[in-house]
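Chain by chain, the residues:
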Amino acid sequence: MTAAVEFIGVSRHFGPASAPVKAVDGVDLTIAEGSFFAMLGPSGSGKTTCLRLISGFEKPTGGAIRIFGQDVSNVPPNRRNVNTVFQDYALFPHMNVRDNVAYGLMVKGVDRRTREARAEDMLALVKLDGYGDRKPAQLSGGQRQRVALARALVNEPKVLLLDEPLGALDLKLREAMQDELKALQMRLGITFVFVTHDQSEALSMADSLAVFNEGRIAQIGTPAQVYAQPRTRFVADFVGSSNVLSPDVTRAFGGPSKWSSLRPETLRLVPADGLALAGTVTTIRYLGANSRVSVNLLGTEVAALLPAGQTAPEPGATVGLSFDPTALHVMDEA
Amino acid sequence: MTSAPAILPERGIADRLTAIFWRHPRLLLFVLLTPPLLWLGVVYLGSLLALLLQSFYSIDDFSGVVKEEFTLKTYAELFRAQNLDIILRTLLMSAAVTIGCAIIAFPIAYFAARFARGRWKAVFYLGVMLPLWSSYLVKVYAWKLILAKEGIITWAAEGVGLSMILNAILAIPGIGGNSLSTSPMGTFIVFVYVWLPYMILPMQASLERVPNSMLEASADLGASKAQTFRTVILPLAMPGMIAGSIFTFSLTMGDYIIPQIVGTSARFIGLAVYQLQGTAGNIPLAAAFAVVPIIIMLIYLTIAKRKGAFDAL
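For every chain, the first residue of the written sequence is number 1, and numbering continues from 1 onward in sequence order. Labels follow written order: the first chain is A, the first ligand is 1, and so on. Note on the predicted model: pLDDT of at least 70 is required for a residue's local features to be given, and 80 or more for side-chain atom pairs to be given and counted; whole-chain, interface and lining totals, by contrast, use all residues. Hydrogens are left out, water is left out, and the side-chain values use all remaining heavy atoms of the structure.

**Topic: the interface of chain B and chain A**
- Contacts between residues were defined by any pair of non-hydrogen atoms, one from each residue, lying within 4.5 Å. Each partner contributes to the interface: chain B provides 20 residues, whereas chain A provides 24 residues.
- Buried area is understood as the total, over both parts, of accessible area removed when two parts are fitted together, assessed with a 1.4 Å probe. Taking both sides of the interface into account, the surface hidden between chain B and chain A amounts to around 1800 Å²; carbon and sulfur atoms contribute 59%.
- Of all residues in chain B, Glu-216, Asp-220 and Leu-221 of chain B give up the largest surface area on contact with chain A, accounting jointly for 40% of the area buried on that side.
- Counted as salt bridges are all cases of a side-chain nitrogen of Lys or Arg within 4 Å of a carboxyl oxygen of Asp or Glu. Summed over the shared surface of chain B and chain A, the result is one salt bridge.
- In this structure, Arg-52 of chain A engages Glu-216 of chain B in a salt bridge whose closest nitrogen and oxygen atoms are separated by 2.7 Å.
- Here a polar contact is recorded for every N or O atom pair within 3.5 Å, except that within protein the pair must consist of a potential hydrogen donor and a potential acceptor, and residues adjacent in sequence are included only if both atoms are side-chain atoms. At the surface where chain B touches chain A, the tally comes to ten residue pairs in polar contact (both at pLDDT 80 or more).
- Only DSSP runs of H or I covering at least 4 residues are called helices, and only runs of E covering at least 2 are called strands; the numbering of each starts at the N terminus. For the side of chain B that touches chain A, the secondary structure elements donating two or more residues are helix 10 (212–220) and helix 11 (225–254) of chain B.
- At seven residues, helix 10 of chain B tops the list of elements feeding residues into the side of chain B that touches chain A.
- The residue makeup of the side of chain B that touches chain A, split by class, is ten nonpolar, seven polar and three charged. Residue type decides the class: Asp, Glu, Lys and Arg count as charged, Ala, Val, Leu, Ile, Met, Phe, Trp, Tyr, Cys and Pro as nonpolar, and the leftover types, Gly among them, as polar.

Below, the structure is given as structure tokens:
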């Protein structure tokens, strides 16, 4: 398998060399060709900077970036065969939708008839046939997003970069768009790299993902690996809001004296009588399909998911917790 | 629970007015707009109409008295060779000044909009506005000295051995002259200097509204810097450029002081109006002359609109 994008010890520091802000710090990363890759992390974790390093809007202060094996350190954005769907879509307001989509072909000198036909094909691909004559201002947010997508795909890029592509859409539209993006990627076979702060989005769409924290990659793996076997406390907490248990609490749960992670959905509430694992209910959050019950156990807040239909205990009640011992994931981090 | 009432007590006239305006939202608009609209309607547009009316009168050739009868005779006079000359000269100068201003203003406005932050932004505004704080006459006379044969430009050109170039420019017929301060070139330089801020500021405002991601999108899609400039930046800056050009164009067409102080003392529309209504007492022709810039501006804006200059608005 070829690597579509490779980061070799890449850093991007801002500010003076004496006290740099390390937006990206020593990142090693390989994105396989044809994969749907997610860069996940909180804001300021370096994920967007990494995307901009691939597109060429940022230059690395250290390390090397390769796209399909070629070093792009000295290649400006317009000569990189990668295209971006911008977070604010960045559609040109003075051009109609067709000219926006055809822009990439226009600057390459493709003749008007060919590029307009290609633009119409692209608009059909994103289900916007017949919208060519409209101005971006006349479109809804979801439609603008599709235009941005069509415009980025018209050049048949080797890698498509998506910067928080669904951030500005409402929940219903976002879910529909997730399915569509996934289907589109499978159909075109282009490598998609998308940046998001939404862990459920990353888990549901990506083939593999990198979790970013403070300019570094905390973990790379498939969604299932990252979810089930978080390597660090940060990953466990950020991806799926797991219960992160300190070494002392882990021991009480029957594990070794190490940090561990226990997913809320693996915990069951049982009557307290005689169990070692019993605590006081502090808060209950109703989430629709289930309720998230927080229990104070040995001074640590532990959350359990209670399926809808089961009677939730009152805050202040004493409850016992039971779980399958294999669900307890002990982390490498000491 | 607190014992505060659901409705707070009225605190006097200010609260009462707020309530009235809340119940009648249009009333506030009416109160705010009436005085300026009266001013604009009566004083401003009224006097413009009076001017238009005057231009349809004519002057009796023998007595020099204004005949208050409708005629197009005065407008016909505009087409006399000497008057056409004035109009053409003014038009060319205004166009040249506008283009000159646009070329100089663009890099400054671009820098201010894209790169200047914090203190540099303040420096920019100060630098652009500062010349506006001092008297226009002082600046024009200062330029007369700068451009004079004994002035600093001639002196500096001699000092660095560029007299040849200066003399070559002054030798160009139609542009040059005895010295910069007595040539159309000199008039042009002073016009550009005086009206430059009116071009920079609207241009900067329109460039400020172009998000960085739009330029990145252009580069991302394969455009070179020059292509991005031509197809994205320029069209998006166009409304600001047109706004600025309205200032530089109409200000140049109406000005009657600069051509008197710097240049060949050939007449411009402003100067013609000034002389016709003053010494000559030919108010109708002065009025007809004053209508010319209005018509030119209307034609200019119509063409600009047709060409899509306001598409990005």
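**Thoughts on the pattern of salt bridges**
- Across all of its chains, the model carries 18 salt bridges over all chains by this definition.
- Between Arg-98 of chain A and Asp-133 of chain A there is a salt bridge, and its shortest N-O distance comes to 3.1 Å. Taken as a pair, Arg-98 of chain A in helix 2 (residues 97–106) and Asp-133 of chain A in the loop between helix 3 (112–125) and helix 4 (141–153) lie far apart in primary sequence, 35 residues in all.
- By sharing partners, the salt bridges in this structure join Arg-12, Arg-52 and Glu-58 of chain A together with Glu-216 of chain B into a single network.

**Remarks on the sheet that holds strand 4 (residues 62–67) of chain A**
All names here are of chain A.
- The strand order 2-1-4-5 describes an open sheet built from four strands, whose pairing is antiparallel. Sheet topology places strand 2 (21–32) and strand 5 (70–71) at the edges, where each strand pairs with a single neighbour.
- We call two strands paired when DSSP finds no fewer than two bridges between them. Note: strand 1 (residues 3–14) against strand 4, five bridges, orientation antiparallel. Bridge assignment links Ile-8 to a residue of strand 4, and that residue is Ala-64.
- Angles here are taken between N-to-C directions and fall from 0 to 180 degrees, while the axes themselves are lines fitted to C-alpha atoms, restricted in helices to the stretch in contact. The sheet strands contacting helix 1 (residues 47–55) are strand 1, strand 2 and strand 4, and the helix crosses strand 1 at an angle near 115°.

**Concerning the side chain of Ser-183 of chain B**
- Relative to the elements of secondary structure, Ser-183 of chain B occurs in the loop between helix 8 (163–171) and helix 9 (184–208).
- Residues in contact with Ser-183 of chain B, not counting those within four places in the same chain, are Leu-170, Ile-175, Gly-176, Gly-177, Gly-263 and Thr-264 of chain B.

**What about the pairing of strand 6 (residues 82–85) of chain A?**
All names here are of chain A.
- Both faces of strand 6 are covered, namely the face carrying Val-82 and Thr-84 and the face carrying Asn-83 and Val-85.
- For strand 6 and strand 7 (residues 159–163), the ladder comprises four bridges, and the chain directions are parallel. By the bridge assignment, Val-85 is partnered in strand 7 with Leu-162. Three exposure classes are used, based on accessible area relative to the maximum for each residue type with a 1.4 Å probe and protein chains only: buried under 20%, partly exposed in between, and exposed over 50%.

**As for the packing of helix 13 (residues 269–277) of chain B against helix 14 (residues 283–306) of chain B**
Residue and element names in this part refer to chain B.
- The geometry of helix 13 relative to helix 14 is characterised by a closest axis approach of 8 Å and an angle of 160° between their N-to-C directions. Of the possible angle classes, the one that applies to helix 13 and helix 14 is roughly antiparallel. Between helix 13 and helix 14 the crossing geometry is left-handed. Of the residues in helix 14, those in contact with Ile-269, Ala-272, Val-273, Leu-276 and Gln-277 of helix 13 are Ile-283, Leu-285, Ala-286, Phe-289, Ala-290, Val-292 and Pro-293.
- Looking at the contact of helix 13 with helix 14 residue by residue, the classes come out as eleven nonpolar, one polar and no charged. Here the angle decides the label: under 35 degrees means roughly parallel, over 145 means roughly antiparallel, 65 to 115 means roughly perpendicular, and every other value means oblique. Each crossing gets its hand from how the near helix is turned against the far one by less than a right angle, where anticlockwise is left-handed and clockwise is right-handed.

**A closer look at the domain arrangement of chain A**
Residues and elements named next belong to chain A.
- Each domain span listed reflects an automatic or database assignment of domains. Split by domain assignment, chain A resolves into domain 1 (3–235) and domain 2 (244–330).
- Measuring from the centre of the C-alpha atoms in domain 1 to the corresponding centre in domain 2 gives 38 Å.
- The interface of domain 1 with domain 2 comprises six residues on the first partner and six residues on the second.
- Counting each side, the surface lost to burial between domain 1 and domain 2 is near 580 Å², with a carbon and sulfur contribution of 52%.
- Interface area lost by domain 1 to domain 2 is led by Tyr-227, Pro-230 and Arg-233, which between them contribute 83%.
- In this assembly, domain 1 and domain 2 are joined by zero salt bridges.

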